[in-house]
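Next come the chains, spelled out residue by residue.
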Amino acid sequence: MDSQIAKILREADQIILSAKSREDLERVYIKFFGKNSDLNKLTKKILTLPKEQKPKAGQQINLVKRELEKLFEEAKTRLSSQLSALSSPIDPTAPGKRIQLGHLHLVSQAIEEIVEIFSKLGFLLQSYPEIDWDWYTFESLNMPKNHPARDEWETFFIKASPDPKYGSQVLTPHTSNGQVREMQRVKKPPIRMINIARCYRRQIDVSHTPMFHQFEGLLIDKNVSIPDLKGTFNFFTQNFFGPDRVTRLRPHHFRFTEPSFEVDITCDVCDGRGCRMCKSGWLELGGAGMVHPKVLKSGGIDAQIYSGFAFGWGIERTIAMKTNTDDIRLLYQNDIRFLEQF
Ligand SMILES: [Zn+2]
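Structural notes, computed from the coordinates. (Residues numbered from 1 in each chain as written. Predicted model: local features only at pLDDT ≥ 70, side-chain atom pairs only at ≥ 80, totals over all residues. Heavy atoms only, no water.)

### Observations concerning the pairing of strand β5 (residues 211-221)
In step 1: Of all 11 residues making up β5, 9 are buried, and the element is well covered by its neighbours.
In step 2: The pairing of strand β4 (residues 191-200) with β5 spans 10 bridges and is antiparallel. Bridge pairing in β5 links Y200 to M211.
In step 3: Note that β5 and strand β9 (residues 307-314) share 8 bridges and pair antiparallel. Across the sheet, I220 pairs through a bridge with G308, a residue of β9. (Buried < 20%, exposed > 50% of the residue type's maximum accessible area, 1.4 Å probe, protein only. Helix = DSSP H or I, 4+ residues; strand = E, 2+ residues; numbered from the N terminus. Pairing = 2+ DSSP bridges.)

What follows is the structure in structure tokens.
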């Protein structure tokens, strides 16, 4: 009996696995389990065995049956997966694939929000070149030739022969190149501009990336003074950050504004106690000030009649301050685990 069982198993392995269709498999099934199968004959033979041999023989037959069933199951699975691969690539009855919806990148979201907030105050969105002449970027903004920002260590220069009037070309290190361009475009104030663009500087650490975005505000009209500037900042910070964040103006020096300020906002990561991001509890939102008369003159505006204020702030820093992000490089690492949180 042992040798017969071994023979059935040997055959089964080859025959079952070589079945090419379900019909094939059914035929093979009958061959192994049908009335005339060897297995059936063996089962009947048990009745003729001496009483003490019956239990062992029964166990052996059951073992073979289980083994064969297993082989049939495997063959069935293999055949059905082959069949589904062969069938039409489009099954109109199959449930649709769920398309994962993404969302705008944080920087794009912030740009939309900033534009919307300032548009409520009448500021219009303008775009100015990200590769611009030295004249618009520095010279017209009252920045002397020896200003550190004009140094190659700070600014990326384009390899091209300089223009006799406008000088070299640079990757704009700030959005302030839009100031004089906007004055030339409008010619006669009032001017209320928001210029948003990518800026480029040789810098990288937790709070700087070599490419970043700035938004530049410029307002020029008659009788514009510092309270107008403060009111505008308050309106923006309360709408963008919420009423809990506090700002302060710190006297500073910029060539293109007089007087000049740094605008700081309390750090939300540490609530003003000091942390890796802010160090002192305050974060610098950016520079601001009253437009320097020489800059107005560059743009062809009469400084006796008109005055104005300007500010240029980094969008990535602004997002970091709003979202408690302590490393702004995360914004550009495209790690979905980070981006999905917003
Ligand atoms: Zn902090």
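### A closer look at helix α10 (residues 315-323)
In step 1: Where burial is concerned, most of α10 is hidden: 7 out of the 9 residues are buried.
In step 2: Taken together, the buried positions of α10 are occupied by I315, E316, R317, T318, I319, A320 and M321.
In step 3: Two residues or fewer past α10, N324 is found with a positive phi of approximately 60 degrees.

### Thoughts on unusual backbone geometry
In step 1: P189 connects to P190 through a cis peptide bond whose omega is 15 degrees.
In step 2: Considering the arrangement of structural elements, one finds P190 in the loop between α7 (177-186) and β4.
In step 3: If you check the backbone angles, K187 has positive phi at about 70 degrees while not being a glycine.
In step 4: Tracing the backbone through its elements, the reader meets K187 in the loop between α7 and β4.
In step 5: For N324, which is not glycine, the phi dihedral falls at a positive 60 degrees.
In step 6: Take N324: its relative accessible area is 38%, and that puts it in the partly exposed class.

### Comments concerning the sheet that holds β4
In step 1: What the 7 strands build is an open sheet, ordered β1-β4-β5-β9-β8-β7-β6; its pairing is mixed. Only two strands of the sheet have a single neighbouring strand rather than two, namely β1 (124-126) and β6 (247-252). Going from strand to strand, the sheet's axes swing by 25 degrees on average, the running direction of each strand aside.
In step 2: Against the sheet, helix α8 (residues 226-240) engages β5, β6, β7 (257-266), β8 (282-291) and β9, with an angle of about 35 degrees to β9.
In step 3: Where α10 meets the sheet, it contacts β4, β5, β7, β8 and β9, and its direction lies at approximately 100 degrees from that of β5. (Axes fitted to C-alpha atoms, helices over the stretch in contact; angles between N-to-C directions. Contact = heavy atoms within 4.5 Å.)

### Some words on the pattern of salt bridges
In step 1: Applying the stated rule across the entire model yields 12 salt bridges.
In step 2: Between R250 and D264 there is a salt bridge; the shortest N-O distance is 2.5 Å. Remark: D264 occurs in strand β7 and R250 occurs in strand β6; sequence separation between them is 14 residues.
In step 3: We classify D264 as buried; its relative accessible area is 2%.
In step 4: Taking the shortest distance from any N to any O, the salt bridge between R337 and D335 comes out at 2.7 Å.
In step 5: Taken together, the salt bridges that share partners define one network made up of R248, R250 and D264. (Salt bridge = Lys/Arg side-chain N within 4 Å of Asp/Glu carboxyl O.)

### Overview of α8
In step 1: Its 15 residues give α8 an end-to-end C-alpha distance of 21 Å, which sits within 8% of 21 Å, the value for a rise of 1.5 Å per residue.
In step 2: Taken together, the buried positions of α8 are occupied by L229, T232, F233, F236, T237 and F240. Seen end-on, α8 carries its buried residues on one side only, within an arc spanning 120 degrees.
In step 3: Looking at the residues trailing α8, positive phi occurs at G242, about 105 degrees. (Expected span 1.5 Å × (residues − 1). Arc of directions from axis to C-beta.)

Structural measurements only, silent on function.
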